[in-house]
Amino acid sequence: MPRLAANLTMMYTEHPFLDRFAAAASDGFQGVEFLFPYDYAAADIQARLRDKGLTQALFNAPPGDWAAGERGIASLPGREDEFLRGLDQALGYAAQLGNRSLHVMAGLIRPDQDRAAHREVYVKNLAAAARIAASAGITVVIEPINTRDIPGFFLNRQDDAQAICQEVGAANLKVQFDCYHCQIVEGDIAKKLERDMAGIGHIQIAGVPDRHEPDEGELNYPYLFDRIDALGYTGWIGCEYRPKAGTRAGLGWARPYLSRR
């Protein structure tokens, strides 16, 4: 049975961010994730988690200048020191919030830039991140993202992500398998989960093609949940979707799983 974590960046946007924890808990979620915590004091977020008995499943390391369009810096030549400073900040938050997984975004590459040079930087940064995070008991995850949502994103395919993790060779470096992104780029979700499960550290879901509730669109999530269970995955499944109307109104698909926990 899936362990669902509400993504508080996309869900419960009817409420101010710090009020979303209570809203998710009231609907039966036991875990939450979000993109970034850095606009808030870690102690304030920790208090919301503690008060509602929630587990922090995941958040992202600092992505560079998000407002200016940056989407991660892990593969960007010349930004290595900034990357490590951001990692240190993220690990400080994780120490208070209690999550054991941290997503590191690869960043963007232009068509005129050298992909091999970006890959070399990416591998070195991930090796350093995994080594530093291991001492804190944290797994670093990397996510292939489709280029319809984020044009120019460096990492797009599951096999490439798995190959990078294998090249780094760190036990605490794994792939964040987002079914929405994978379906758009590659499809064949069930077989890729079967092929790669040993290297998957976190799973996310959304309806395809519009990124609304998972019971809309072209993916059969009840079937995929059964396959994920059969493959032995026991981690969190992040609900990273934009509700079509209100969050609570669209939770019919999730209630059977939330009520059985």
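In case you missed it, the structure is sitting above this.
Everything quoted here is computed from the prediction, not taken from an experiment.

Novice: So what's going on with the packing of helix α5 (residues 158–168) against helix α7 (residues 189–196)? Residues and values would help.
Specialist: Across the interface, α5 lies against α7 with an axial gap of 11 Å and an inter-helix angle of 10 degrees. Regarding the angle of α5 to α7, the classification is roughly parallel. Mapping the contact onto sequence places Q158, D159 and Q162 in α5 and K192, R195 and D196 in α7.

Novice: Can you lay out the layout of surface pockets for me, pointing to particular residues and giving the numbers?
Specialist: Approximately 230 Å³ is the volume attributed to the largest pocket. As for the largest pocket, its lining consists of 19 residues, and the residues nearest its centre are L35, W66, I150, R211 and E240. Looking at the lining of the largest pocket residue by residue, the classes come out as eight nonpolar, six polar and five charged. Size it by volume and the second largest pocket reaches roughly 200 Å³. Classifying every residue of the lining of the second largest pocket by side-chain character gives six nonpolar, one polar and two charged.

Novice: Which residues make up helix α3 (residues 80–97), and what values do they have?
Specialist: For α3, which comprises 18 residues, the first-to-last C-alpha distance of 25 Å matches the rise-based estimate of 26 Å (1.5 Å per residue) to within 8%. Taken residue by residue, α3 has F83, G86, L87, A90, L91, Y93, A94 and L97 as its buried positions. Looking down the long axis of α3, one finds its buried residues gathered within 160 degrees of arc, a one-sided arrangement. When the buried face of α3 is taken as reference, the exposed residues oriented beyond 90 degrees from it are D81, R85, D88 and A95. Of the surrounding secondary structure, the elements contacted by the buried residues of α3 are α2 (42–52), β3 (55–60), β4 (101–103) and α4 (115–134). Of the residues flanking the end of α3, it is G98, one or two places downstream, whose phi is positive at about 90 degrees.

Novice: I'd like to hear about unusual backbone geometry, residue by residue, with values.
Specialist: Following V208, the chain continues into P209 via a peptide bond in cis, with omega recorded as 20 degrees. In this fold, P209 is placed in the loop between β7 (200–205) and α8 (221–230). One non-glycine residue, Y12, lies in positive phi territory at about 60 degrees. Relative to the helices and strands, Y12 resides in the loop between β1 (3–7) and α1 (20–26). Phi angles above zero are rare outside glycine, and R211 is one such case at about 60 degrees. Along the chain, R211 turns up in the loop between β7 and α8. For R211, a relative accessible area of 7% translates into the label buried.

Cut-off values and rules
- Residues numbered from 1 in each chain as written.
- Predicted model: local features only at pLDDT ≥ 70, side-chain atom pairs only at ≥ 80, totals over all residues.
- Heavy atoms only, no water.
- Axes fitted to C-alpha atoms, helices over the stretch in contact; angles between N-to-C directions.
- Helix = DSSP H or I, 4+ residues; strand = E, 2+ residues; numbered from the N terminus.
- Parallel < 35°, antiparallel > 145°, perpendicular 65-115°, else oblique.
- Contact = heavy atoms within 4.5 Å.
- 1 Å grid on protein atoms, 1.4 Å probe; cavity = no way out; pocket = protein on both sides within 12 Å on 5 of 7 lines; lining within 4 Å.
- Points joined across faces, edges and corners; volume = space filled by probe spheres on them.
- Nonpolar A, V, L, I, M, F, W, Y, C, P; charged D, E, K, R; others polar.
- Expected span 1.5 Å × (residues − 1).
- Buried < 20%, exposed > 50% of the residue type's maximum accessible area, 1.4 Å probe, protein only.
- Arc of directions from axis to C-beta.

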